[in-house]
Amino acid sequence: MSPPVYSRYRTAFVEALAQSLGVPASEIDSQVKPADPAHGDLSFPTFPLAKAQKKAPPAIAAALAQGLKVPGLEIAATGPYVNARFSPLPFSAEVIDAARTQGTRYGGSDVGAGKTVVMDYSSPNIAKPIAFHHIRSTVIGHAVANLHRALGYKVEGINYLGDWGKQFGLVAVGFQEYGESDKRQDMAHLVQVYVKANQRAEKEPAFDERARDFFRRMEAGDAEALALWKEFRETSVRDFKRIYARLGVTFEHIEGESFYQGKMEPVIEEIARTVGVKESQGATIVDLPYEENEPPVLLKKNDGSTLYATRDLAAAIDRHERFHFDKSLYIVATDQALHFRQLFRVLKAMGRAFVDRMTHVNFGRVHGMSTRQGNVVLLTDVLDEARARARTIVDKNIAEGKIQTDDPEKLAEQIGLGAIFFGDLKNRRATDYTFDWDEVLNLTGHTGAYLQYAHARACNILRKGGGAPATYDAALLTLPEEQAVLRAIARLPVVVQEAAEQQEPSFVARWLLDLAATFSSYYTAGNQDRNKRVVLEDNEPLKAARLALTDATRASLAAGLTLLGIATPENM
């Protein structure tokens, strides 16, 4: 895949500067930044050169600019800065052709070709429902996976289920007490059983001990206990898959903590050899220096059962042996930061060099989504409400002639899911945010619905104009509004790479908002000035050029939305 247009011109500018200054391009690459739009597209400051050259920065900039000749760039000095502006040609045609040719693949590259990224995300517990608080790990993980796929990485997405531990013992003994045999494969019933068992265990130590004993039987390989565990696990996974299918989220692997049952003793032995272990109140812990009030890393409890940390250590080693990853990302809440710091610290002390390629991709909490009783808010309930609220908006706009669709229920589902996804992904992942129904479903705000409408509007313009043209003359796209749209489109490949490197889907979300707003300004300019209309019936060459730009915008919006896992309806 050829380098993206924006990157190619930026690289040419950097190399020309480096050659003129007699330094390696890598030395000045980080200094070339986006310019003030009034002065150009790229900018290089000369302040750092003043001391060595014993000249004022404006004089240095003027001399540099005069000597630089880069095809496709207009270079000039503005005060102490050397600025480069993309020449209308061939830049305009290159951007439009790239977006239209690549379609939803636009923004991608092959920088990750031959590399593997392992991703651990979503990861609900079996015999429990997928709650709304799982949405962050799920949609952030899905978007980060898409970003890496777009860059050519091989993605090994793992839904690492919480399917081992005392909590399953609670489900098992709870079913013995409260379960109905004809509902053994009913997820909702298993949840009811778990809630009752958990409440009872908090009040009755003897009942809690029964749950612990059941888990010990599982770890000991008891056939009856494992058969019940397997049955309940399969019930949970079936229900999970139904919800993921609705979300459009997929995984290369659905595994769980149980995958490492029987594989942890060798890991514990390795830790004992390389780092050291010791006993503490009957439990086995990693012998590390700990900070004051820092809990130790437990490998085995005093009853001999293993813990989450033990299984995560085994999983990290196993994943490296299986996938030989270049990156291993854990999309898990900030609340688990201590766990991952300790996990990485133990692996480092074990001499496992691959730990340097492991990252905890943390995220904040969602506020504003709770019940009066304080119960868990189920994700399916939120999705159903999103669809219902979106259907009300769709029906209202259909009645007012603002939306045209043959399938209002499907459109409502697309808008509802888009609202949930974008309402999360537009925020920096490490920050908390407050969920608000009116905000996420606003057709004119910074929402998924607004972006979907922008995409549908572009599709509608193309239909009114007779479709996307096969040929066009990019030299006719001279309006400032048109050039602004082109520059917004050109940035997507750069945004995708930065978003993947920082595991920050919000970069793409903010870019989408910028492109949609820029295109809206361009389109609505025709309301004040007829000559700026896209579908200019009395000027076919100009109409074709503007329709080509509109088609490139449509493709770019679709590419960005698809990266975030959001549907792209063509009618709204």
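Located above this text is the structure these notes cover.
As the structure is a prediction and not an experimental result, all values here were calculated from the model.

Observations concerning the overall build of the protein chain
Here is step 1 of the chain: Scanning the protein chain from N- to C-terminus turns up 20 helices and 14 strands.
Here is step 2 of the chain: For the protein chain, the spread of C-alpha atoms along the three principal axes comes to 80 × 70 × 35 Å.
Here is step 3 of the chain: Within the protein chain, the fraction of its 572 residues that count as buried is 53%.
Here is step 4 of the chain: Within the protein chain, contacts between residues at least 6 apart in sequence are counted, and of these 73% link residues at least 24 apart.

Points about the sheet that holds strand β9 (residues 283-286)
Here is step 1 of the chain: Taken in spatial order, the three strands line up as β8-β9-β10 in an open sheet, and their pairing is antiparallel. This sheet does not close on itself; its edge strands, each paired only once, are β8 (277-280) and β10 (298-300). For this sheet the average axis-to-axis angle between neighbouring strands, irrespective of direction, equals 40°.
Here is step 2 of the chain: Here four bridges tie β8 to β9, and the two strands are oriented antiparallel to one another. From the neighbouring strand, Glu279 faces β9, where its bridge partner is Thr284.

Observations concerning the sheet that holds strand β1 (residues 33-34)
Here is step 1 of the chain: Strand order in the open sheet formed by four strands is β1-β2-β4-β3, with antiparallel pairing between adjacent strands. Two strands bound the open sheet, and with one partner strand each, they are β1 and β3 (73-78).
Here is step 2 of the chain: Pairing geometry for strand β2 (residues 42-45) and strand β4 (residues 81-86), over four bridges, is antiparallel. In the sheet register, Leu42 faces β4, and the bridge partner there is Ala84.
Here is step 3 of the chain: Each of β2, β3 and β4 is contacted by helix α4 (residues 57-67), which is oriented at about 160° to β3, the strand it contacts most.

Here we look at the packing of aromatic side chains
Here is step 1 of the chain: Enumeration over the complete set of coordinates arrives at 21 aromatic pairs.
Here is step 2 of the chain: Judged by centre distance (6.3 Å) and plane angle (50°), the ring pair of Tyr330 and Phe344 falls under tilted. Remark: Phe344 occurs in helix α13 (residues 337-349) and Tyr330 occurs in strand β11 (residues 327-331); sequence separation between them is 14 residues.
Here is step 3 of the chain: Classification of Phe344 by relative accessible area gives buried; the value is 17%.
Here is step 4 of the chain: Ring centres of Phe519 and Tyr522 lie 6.2 Å apart, and the angle between their planes is 65°; on these two criteria the pair is classed as edge-to-face. One end of the pair is Phe519 and the other is Tyr522, both in helix α19 (residues 506-528) and three residues apart, which spans about a single turn. With respect to class, Phe519 is no different from Tyr522; both count as buried.
Here is step 5 of the chain: Three or more aromatic residues link up through ring pairs in this structure, and these residues are Tyr6, Tyr9, Phe86 and Phe91.
Here is step 6 of the chain: Looking at Arg319, its charged tip hangs above the ring of Tyr160, at a distance of 4.8 Å from the centre.

Points about the pattern of salt bridges
Here is step 1 of the chain: Counting across every chain of the model gives 50 salt bridges.
Here is step 2 of the chain: In this structure, Glu294 and Arg345 form a salt bridge, with 3.5 Å as the shortest nitrogen-oxygen distance. Taken as a pair, Glu294 in the loop between β9 and β10 and Arg345 in helix α13 lie far apart in primary sequence, 51 residues in all.
Here is step 3 of the chain: Under the relative-accessibility criterion, Arg345 is labelled partly exposed at 30%.

Here's the deal with the nonpolar core
Here is step 1 of the chain: Core analysis: the biggest nonpolar cluster contains 150 residues, and Phe13 and Val82 have the highest contact counts within it.
Here is step 2 of the chain: Discounting residues that sit within four places of it in the chain, Phe13 has contacts with Val32, Leu42, Ser43, Phe44, Leu68, Leu73, Ile75, Val82 and Ala84.
Here is step 3 of the chain: Counting residues in each nonpolar core, the second largest holds 32 residues, with Tyr160, Met264, Met350 and Phe354 among its members.

Some remarks on the pairing of β11
Here is step 1 of the chain: Across the five residues of β11, five count as buried, placing the element largely inside the fold.
Here is step 2 of the chain: Across four bridges, strand β5 (residues 116-120) lies against β11 in parallel orientation. The residue of β11 that forms the bridge with Asp120 is Tyr330.
Here is step 3 of the chain: Where β11 lies against strand β12 (residues 358-361), four bridges are found, and the strand directions are parallel. What sits directly across from Ile331, in β12, is Val361.

Side note on the environment of Leu347
Here is step 1 of the chain: With respect to the helices, strands and loops of the structure, Leu347 is situated in helix α13.
Here is step 2 of the chain: Every residue in contact with Leu347, bar those within four places of it in the chain, is listed here: Leu313, Ala316, Ile317, Arg352, Phe354, Val355 and Met358.

Describing the layout of surface pockets
Here is step 1 of the chain: Counted as a void, the second largest pocket has a volume near 1,000 Å³.
Here is step 2 of the chain: In terms of lining residues, the second largest pocket is bounded by 43 residues, among which Tyr6, Pro34, Asp41, Phe86 and Arg491 are the most central.
Here is step 3 of the chain: For the lining of the second largest pocket, the elements supplying multiple residues, two or more each, are α1 (5-21), β1, β4, α18 (480-501) and α19.
Here is step 4 of the chain: Tallying contributions element by element places α18 first for the lining of the second largest pocket, with twelve residues.
Here is step 5 of the chain: Along the lines of polarity and charge, the residues of the lining of the second largest pocket split into 19 nonpolar, twelve polar and twelve charged.

A look at unusual backbone geometry
Here is step 1 of the chain: Backbone torsion omega between Leu89 and Pro90 reads 10°, so that peptide bond is classified as cis.
Here is step 2 of the chain: Among the secondary structure elements, Pro90 is positioned in helix α5 (residues 88-102).
Here is step 3 of the chain: Even without a glycine there, the phi angle at Ser123 is positive, about 50°.
Here is step 4 of the chain: Here Ser123 lies in the loop between β5 and α6 (135-150).
Here is step 5 of the chain: With a relative accessible area of 22%, Ser123 lands in the partly exposed category.
Here is step 6 of the chain: Of note in this structure, Gln503 is not a glycine but carries a positive phi near 50°.

Re the packing of α5 against helix α20 (residues 540-563)
Here is step 1 of the chain: Look at α5 against α20: their axes get within 8 Å of each other, and the N-to-C directions meet at 50°. As far as their axial angle goes, α20 and α5 are oblique. Note that α5 runs across α20; the crossing there is left-handed. Contacts between α5 and α20 involve Ile96, Ala99 and Arg100 from the first element and Ala548, Leu549, Asp551, Ala552, Ala555 and Ser556 from the second.
Here is step 2 of the chain: Within the contact of α5 with α20, the residues separate by chemical class into six nonpolar, one polar and two charged.

With respect to α20
Here is step 1 of the chain: Taking 1.5 Å per residue as the helical rise, α20 with its 24 residues ought to reach 34 Å, and the 34 Å between its terminal C-alpha atoms agrees with that figure.
Here is step 2 of the chain: The buried count for α20 comes to 20 of 24 residues, which makes it a mostly enclosed element.
Here is step 3 of the chain: Where α20 begins, the capping side chain belongs to Asn539, and its oxygen is found 3.2 Å from the backbone nitrogen of Leu542.
Here is step 4 of the chain: Among the residues trailing α20, Gly565 stands out with phi positive, at a value near 85°.

Thresholds applied
Residues numbered from 1 in each chain as written. Predicted model: local features only at pLDDT ≥ 70, side-chain atom pairs only at ≥ 80, totals over all residues. Heavy atoms only, no water. Helix = DSSP H or I, 4+ residues; strand = E, 2+ residues; numbered from the N terminus. Buried < 20%, exposed > 50% of the residue type's maximum accessible area, 1.4 Å probe, protein only. Contact = heavy atoms within 4.5 Å. Pairing = 2+ DSSP bridges. Axes fitted to C-alpha atoms, helices over the stretch in contact; angles between N-to-C directions. Phe/Tyr/Trp six-rings, centres within 6.5 Å; stacked < 30°, edge-to-face > 60°. Lys NZ or Arg CZ within 6 Å of the ring centre and 35° of its normal. Salt bridge = Lys/Arg side-chain N within 4 Å of Asp/Glu carboxyl O. Core = buried A, V, L, I, M, F, W, Y, C linked by side-chain atoms within 4.5 Å. 1 Å grid on protein atoms, 1.4 Å probe; cavity = no way out; pocket = protein on both sides within 12 Å on 5 of 7 lines; lining within 4 Å. Points joined across faces, edges and corners; volume = space filled by probe spheres on them. Nonpolar A, V, L, I, M, F, W, Y, C, P; charged D, E, K, R; others polar. Parallel < 35°, antiparallel > 145°, perpendicular 65-115°, else oblique. Left-handed = near helix turned anticlockwise from the far one by under 90°. Expected span 1.5 Å × (residues − 1). Polar contact = N/O pair within 3.5 Å; in protein donor to acceptor, adjacent residues only side chain to side chain.

By themselves these figures say nothing about function.
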